Amino acid sequence: MQPAVSAVNVRRFREGSLEEQSDLLAAEEPLEIRIDFGPVDERQQRTLSVTMRTPGNDFELAVGFLLTEGIIRYQRDIARIRYCNDGGRSED
């Protein structure tokens, strides 16, 4: 995972002159939220949303999204939470 902020050089115009200095830039990456549903032997998958976020706490973000959208109501509504494209890292 990349850091949440990166140091970058920026140019600022102040009091009639241009100066270069270091500043912090927040990282932002897309997160696609998908759900699997249906009987185990006929599982279907659907993308619900793609949101931009600062990396970190992705599972919490996804659960909060599902809760506020009314897709889930209880923790027991979630069977598993996992990343789809990172070599199988998962969390139940």
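Cut-off values and rules
- Residues numbered from 1 in each chain as written.
- Predicted model: local features only at pLDDT ≥ 70, side-chain atom pairs only at ≥ 80, totals over all residues.
- Heavy atoms only, no water.
- Helix = DSSP H or I, 4+ residues; strand = E, 2+ residues; numbered from the N terminus.
- Buried < 20%, exposed > 50% of the residue type's maximum accessible area, 1.4 Å probe, protein only.
- Contact = heavy atoms within 4.5 Å.
- Areas by Shrake-Rupley, 256 points an atom, 1.4 Å probe, with all protein chains shown as cover.
- Salt bridge = Lys/Arg side-chain N within 4 Å of Asp/Glu carboxyl O.

Q: An account of the overall build of the protein chain is needed here, citing residue identities and associated values.
A: Helix and strand counts for the protein chain come out as 1 helix and 6 strands. Starting at the N terminus and walking to the C terminus, you meet the elements of the protein chain as β-β-β-β-α-β-β. Counting only residues that meet the buried cut, the protein chain has 13% of its 92 residues in that class. Sequence-distant contacts in the protein chain: of pairs separated by 6 or more residues, those separated by 24 or more amount to 25%. Accessible surface, the protein chain: about 7400 Å² in total, of which carbon and sulfur atoms supply 47%.

Q: Go over the pattern of salt bridges with me, naming the residues and quoting the values.
A: Tallying each qualifying case throughout the model produces 7 salt bridges. Note that Glu32 is salt-bridged to Arg34, the shortest N-O span being 3.2 Å. The salt bridge involving Arg53 is made with Asp58; its shortest N-O contact spans 3.0 Å. Overall, Arg53 belongs to the buried group, its relative accessible area being 11%. Taken together, the shared-partner salt bridges connect Glu29, Arg53 and Asp58 into one network.

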